[in-house]
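Architecture at a glance
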Amino acid sequence: MQDVFTAPGRFYRGNLHTHSDRSDGVLTPEEVCRRYRAEGYDFLALTDHFIGIYDYPIVDTRPFRAPGFTTLLGAELHSGPMANGDLWHILAVGLPEEFAPGNAPHFRAVPGQETGPEIAARAAAAGAFVAVAHPHWSGLTLEDARSLTAAHAVEIYNHGCHTGADRGDGFVIADLLLSEGRRPSLIATDDAHFTEPDHFGGWVMVKAEANEPEALLAALKAGMFYSSQGPEIRGIDITKTTVEVQCSAAVTVIVQGQATAAVAVNGQSMTRASIRRDRFAASPWLRVTVIDAAGRRAWSNAYWV
Ligand SMILES: [Zn+2]
Ligand SMILES: [Zn+2]
């Protein structure tokens, strides 16, 4: 895979998971787009709940595109029960407007509807970038996560689930999938409804040659991005013996790998860190976390070494 930090193009900041008053958010699609644009985002995916009580919305946000700001069409898909009996939540970004509704009348599973893995596969086949939404909040089991074979990504940080439920994390599931040899990419999102401080807290930085929907979608599918709550990651160079990280001012840089493998470097206003690979000799993958003085994090995708 091409390295995201040396690939041509530039980074575009975007939120992949957002709701409007077309489902259970409180703002109009236009106002949601206006706020993300005003906050300096380069792109936004509005992903309202794709269920019958909201008339299966795939909101056309194209009228709200502007110079320097674009949108991806999408939805949060719901169909079939997870192991705990509750309905699946699956993020689909880059859905065609004509994506066919299934049989999901409301937020409870009903007999005979598509399973989560089935609707995820249908969305991926239609061209969407598909992600397992908020694993912790959902009470997702590893078996559930394994079954979603069409997913490109796992939501490793969901800001709304963090602020509203203190269950914003998806790293336990993601690391276990990586350790089984699966290769999900790792996305941070807002899942903003604007009902609480659930916005502008987690985003992706996507490397692309243009801030255009097709280019962004291709980059997302290729894993050409990192995720952040604030810090920037500027380079990750994996040599034979070390992992060299360049970043905005950080107090901690951590490399994580399979099982118990993790090594941290701590300091003040660090913009570089070098971490020896000895501890990761048995790990087929590595990833990097950067933490700033305010406790905000940035996360790389996994590297296969
Ligand atoms: Zn959800
Ligand atoms: Zn959501």
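Residue positions are counted from 1 within each chain, in the order its sequence is given. The naming scheme follows written order: chains are lettered A onward, ligands numbered 1 onward. Reporting in this predicted model follows two pLDDT cut-offs: at least 70 for local features of residues, and 80 or more for side-chain atom pairs to be given and counted; totals over whole chains, interfaces and linings ignore these cut-offs and use all residues. With hydrogens and water excluded, all non-hydrogen atoms of the structure serve as input to the side-chain values.

An unreviewed UniProt entry lists the protein under the name Phosphotransferase, with Frigidibacter albus as the source organism.

**Notes on the overall build of the protein**
Our working definition: Put simply, DSSP H or I for four residues or longer makes a helix, DSSP E for two residues or longer makes a strand, and each gets a number counted from the N terminus. In this scheme, a residue with accessible area under 20% of its type's maximum is buried, one over 50% is exposed, and one in between is partly exposed, where area comes from a 1.4 Å probe on protein chains only. Here, two residues are considered to be in contact whenever any of their heavy atoms come within 4.5 Å of each other. Only four residue types enter the tally: Lys and Arg on the positive side, Asp and Glu on the negative side; His and the chain ends are excluded. The location of each charge is read from NZ of Lys, CZ of Arg, CG of Asp or CD of Glu.
On a plain count of helices and strands, the protein comes out with seven helices and 16 strands. Scored against the burial criterion, the 305 residues of the protein give a buried share of 55%. For the protein, long-range pairs separated by at least 24 residues make up 66% of all intrachain contacts whose partners lie at least 6 apart in sequence. Taken as two groups, the 25 positive and 35 negative side-chain charges of the protein have centres that lie 7 Å from each other.

**Some words on the UniProt feature "domain: Polymerase/histidinol phosphatase N-terminal" (unreviewed entry) in the protein**
Worth spelling out the cut-off: UniProt positions are given in the numbering used here, feature names are shortened, and annotations may be inferred rather than shown by experiment.
Sequence positions flagged by UniProt for "domain: Polymerase/histidinol phosphatase N-terminal" (unreviewed entry) are, in local numbering, residues 14–81. With 15% helix and 24% strand, the stretch residues 14–81 has end C-alpha atoms that lie 30 Å from each other.

**Concerning the packing of aromatic side chains**
Convention followed: In this scheme Phe, Tyr and Trp rings, the latter by its six-membered ring, pair at centre separations within 6.5 Å, and the angle between planes marks the pair as stacked below 30 degrees, edge-to-face above 60, and tilted otherwise. Should the NZ of a Lys or the CZ of an Arg lie within 6 Å of a ring centre and within 35 degrees of the ring normal, that charge is described as sitting over the ring.
Considering all chains together, one arrives at 15 aromatic pairs under this definition. On the numbers, 6.4 Å between centres and 90° between planes, the contact of Phe 129 with Phe 225 is edge-to-face. With Phe 129 in strand β6 (residues 129–132) and Phe 225 in strand β10 (residues 225–228), the pair connects residues that are 96 residues apart, well separated along the chain. For Phe 129, a relative accessible area of 1% corresponds to the buried category. Every member of this aromatic cluster is reached through a ring pair, and the members are Tyr 36, Tyr 41, Phe 194, Phe 200 and Trp 203. The ring of Tyr 41 carries the charged tip of Arg 13 above its face, separated from the ring centre by 3.9 Å.

**Some thoughts on helix α6 (residues 171–179)**
The condition that has to hold: For this quantity, the arc is that covered by the directions from the helix axis to the C-beta atoms.
Taken as a whole, α6 has its buried residues at Phe 171, Ile 173, Ala 174, Leu 177 and Leu 178. Along α6, the residues classed as buried sweep out an arc of 160° about the axis, all on the same side. Positive backbone phi, at 95°, marks Gly 181, one or two positions downstream of α6.

**Overview of the domain arrangement of the protein**
Applicable threshold: Those domain boundaries reflect an automatic or database domain assignment. Here the quantity called buried area is the total loss of accessible area, with a 1.4 Å probe, experienced by two parts when brought into contact, counted for both. Each reported salt bridge corresponds to a side-chain nitrogen of Lys or Arg within 4 Å of a carboxyl oxygen of Asp or Glu. Pairs of N or O atoms are called polar contacts if they sit within 3.5 Å, as long as, within protein, a hydrogen donor faces a hydrogen acceptor (for residues adjacent in sequence, only side-chain-to-side-chain pairs).
Domain boundaries assigned for the protein yield domain 1 (10–228) and domain 2 (233–304). Between the C-alpha centres of domain 1 and domain 2 there is a distance of 26 Å. With 17 residues of domain 1 in contact, the opposing surface of domain 2 contributes 12 residues. Buried surface at the junction of domain 1 and domain 2, summed over both partners, amounts to about 1,300 Å²; 57% is from carbon and sulfur atoms. The tally of links from domain 1 across to domain 2 stands at one salt bridge. Where Arg 287 meets Asp 175, a salt bridge forms, and the shortest distance between an N and an O atom there is 2.9 Å. Summed over the shared surface of domain 1 and domain 2, the result is six residue pairs in polar contact (both at pLDDT 80 or more).

**So, the coordination of the zinc ion (ligand 2)**
Defined as follows: The donor set covers N, O and S atoms within 2.8 Å of the metal, switching to 3.2 Å for Na, K and Ca, and it leaves out water, so a site may look short of donors. Labels for metal geometry use angle windows, namely 85 to 135 degrees for all angles of a four-donor tetrahedral site, and for square planar (four donors) or octahedral (six donors) sites opposite donors over 155 degrees apart plus all others within 65 to 115; sites meeting none of these are irregular.
The protein atoms that coordinate the zinc ion (ligand 2) are His 17 (NE2), His 19 (NE2), Glu 76 (OE) and Asp 191 (OD), at distances of 2.1 to 2.2 Å. Taken together, the four donor atoms coordinating the zinc ion (ligand 2) span angles of 82 to 168° at the metal, a pattern that classifies the geometry as irregular. Separating the zinc ion (ligand 2) and the zinc ion (ligand 1) is a distance of 3.5 Å, and Glu 76 donates to both of them. A residue is classified by how much of its surface remains accessible, and His 17, at 0% relative accessible area, is buried.

**Re the pairing of strand β8 (residues 185–189)**
Definition in use: By the convention used here, strands pair only if DSSP detects at least 2 bridges between them.
Of all five residues in β8, five are buried, a share of seventy percent or more. What you see with β8 is no split at all: Ser 185, Ile 187 and Thr 189 on one side and Leu 186 and Ala 188 on the other are buried throughout. Here five bridges tie strand β7 (residues 153–158) to β8, and the two strands are oriented parallel to one another. Its bridge partner lying in β8, Glu 155 is registered against Ile 187.

**Examining the coordination of the zinc ion (ligand 1)**
The coordination sphere of the zinc ion (ligand 1), as far as protein atoms go, consists of Glu 76 (OE), His 89 (ND1) and His 134 (NE2), spread over 2.0 to 2.2 Å. Donor residues for the zinc ion (ligand 1), ordered by position in the chain, follow E-x12-H-x44-H.

**Here's the deal with the pattern of salt bridges**
A full pass over the atoms with the stated rule returns 12 salt bridges. For Glu 31, the salt bridge goes to Arg 34, with nearest N and O atoms at 2.9 Å. Taken together, the positions of Glu 31 and Arg 34, both in helix α1 (residues 29–38) and three residues apart, correspond to about one turn of that helix. Salt bridges sharing partners connect three or more residues here, namely Glu 31, Arg 34 and Arg 35.

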